[in-house]
Amino acid sequence: MKELKNFKKKEHTIEESDKNIVKDYIGKYDGFSEDQLINALAMSVKNAKEDGSYSDEQMKSFIELVSPQLNDEQRKKLGNLVKLIEEDEI
């Protein structure tokens, strides 16, 4: 039990890590048009599926983080894009 005496819980959570990833992407894609963003997301998902690194959980986290930033029309477009992803159309 001595090994656990100095054990400390990590301060950051997965949620905070996801937020940092979103911030990085916001900086990377700043100035892109909506169509360019959709194409970039679609290509990213396609590449991740091809190399086996795609994760439904990461996609859900991404959507939860991004959705509050979007208006109703943008949320609808994102929802349509997610449907295409889930149906393996992308």
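In the block above lies the structure referred to throughout.
Only a predicted model underlies this, so the values are computations on that prediction, with no experimental measurement involved. (Residues numbered from 1 in each chain as written. Predicted model: local features only at pLDDT ≥ 70, side-chain atom pairs only at ≥ 80, totals over all residues. Heavy atoms only, no water.)

Caption draft 1: Seen up close, the environment of Ser61. Looking at where Ser61 falls in the secondary structure, it is placed in helix H4 (residues 56-66). The sequence separation of Ser61 and Lys19 amounts to 42 residues, and the corresponding C-alpha distance is 9.3 Å. (Helix = DSSP H or I, 4+ residues; strand = E, 2+ residues; numbered from the N terminus.)

Caption draft 2: Local environment of helix H3 (residues 34-51). Compared with an ideal rise of 1.5 Å per residue, which puts 18 residues at 26 Å, H3 spans 26 Å between its outermost C-alpha atoms and is within 8% of the ideal. Of the residues making up H3, those classed as buried are Ala40, Leu41, Ala42, Val45 and Ala48. Looking at the buried residues of H3, the elements they touch are H4 and helix H5 (72-86). (Expected span 1.5 Å × (residues − 1). Buried < 20%, exposed > 50% of the residue type's maximum accessible area, 1.4 Å probe, protein only. Contact = heavy atoms within 4.5 Å.)

Caption draft 3: The packing of aromatic side chains, seen in detail. Overall, the coordinates contain 0 aromatic pairs when judged by the stated rule. Sitting over the face of the ring of Tyr54, Lys49 holds its NZ or CZ atom 5.3 Å from the ring centroid. (Phe/Tyr/Trp six-rings, centres within 6.5 Å; stacked < 30°, edge-to-face > 60°. Lys NZ or Arg CZ within 6 Å of the ring centre and 35° of its normal.)

Caption draft 4: The arrangement of the nonpolar core in detail. Membership of the largest hydrophobic core is limited to 9 residues, which are Leu41, Val45, Met59, Val66, Leu70, Leu78, Leu81, Val82 and Ile85. Of all elements in the fold, only H3, H4 and H5 reach the threshold of two or more residues within this core. Of all the elements, H5 adds the most residues to this core, at 4 residues. Every residue in contact with Met59, bar those within four places of it in the chain, is listed here: Leu41, Val45, Tyr54 and Ile85. (Core = buried A, V, L, I, M, F, W, Y, C linked by side-chain atoms within 4.5 Å.)

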